[in-house]
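# Survey of secondary and tertiary structure
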Amino acid sequence: GAGYFMLGISLVDRGLREEGLAFLAKSVKWGGEHAGQARKLMADLHMERGLEERNDSRWPEARASMELAMKLDPDNPAFHKALGQIYMKLNLWPEALDEFDQAVASGLASDAEVDLHDDIASVHQHLAAVFLCREEPIQAKIHAQTGLQHTTTRTAVRRFKGLIRTAGKLELEALRIKARQD
């Protein structure tokens, strides 16, 4: 395993990431003293590739790379945050929210927490809008209220309060309709 590890590092250092990944994977497979280091380096390399793909707006590829990174290092909060952002671009709102929650649970560094709260607020805003479109005002209101707790800007506060009012109106209208039917 050590030989594969050293060769993998050498290839990566020369800019041959994919070839290096192949040898690092062999190092992990063979086990030994370098397997943990190889696994961590592989996760970082998949993250690096995922970020490049994200920056090129190649969302499905970015998702696949980040999911590989997550399999190799599932407790890395930066990976959860990056994957959550990719899920947002793919309109996978519940998945994005799960990743952001895991980033918080994994102990994201405090300097990244403000950005994370903005991301969480954004996901809740989208989920509230989806539930309003589905005419599910209770769920919309829950997401709008949760998003309001995470928002960091005045504009977003007004937006969430508007969503909460709209959800409340729809909820009231649904109750009136139900009362008429009974």
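The paragraphs below set out a description of the structure included in this document. (Residues numbered from 1 in each chain as written. Predicted model: local features only at pLDDT ≥ 70, side-chain atom pairs only at ≥ 80, totals over all residues. Heavy atoms only, no water.)

## Looking at the side chain of asparagine 76
The condition that has to hold: Secondary structure elements are defined from DSSP: runs of H or I of at least 4 residues count as helices, runs of E of at least 2 residues count as strands, and each element is numbered from the N terminus. Burial classes: relative accessible area under 20% of the type maximum marks a residue as buried, over 50% as exposed, and values in between as partly exposed (1.4 Å probe, protein chains only). Contacts described as polar in this section are N or O atom pairs within 3.5 Å, which, within protein, must combine one atom able to donate a hydrogen with one able to accept it, while residues neighboring in sequence count only if both atoms come from side chains.
Along the chain, asparagine 76 falls in the loop between helix H4 (59-72) and helix H5 (77-89). In this structure asparagine 76 comes out as buried when scored by relative accessible area, which is 13%. Polar side-chain contacts of asparagine 76 include one of 2.9 Å to the backbone nitrogen of alanine 78.

## With respect to the pattern of salt bridges
Rules: One speaks of a salt bridge when a side-chain nitrogen belonging to Lys or Arg is within 4 Å of a carboxyl oxygen belonging to Asp or Glu.
The full count for this structure, using the stated rule, is 11 salt bridges. Between glutamate 53 and arginine 58 there is a salt bridge, and its shortest N-O distance comes to 3.6 Å. A relative accessible area of 7% means that glutamate 53 is categorised as buried. On the basis of relative accessible area, arginine 58 is assigned to the partly exposed category, the value being 35%. Through salt bridges with shared partners, one network takes in Arg17, Glu18, Glu48, Arg49 and Glu52.

Structural measurements only, silent on function.
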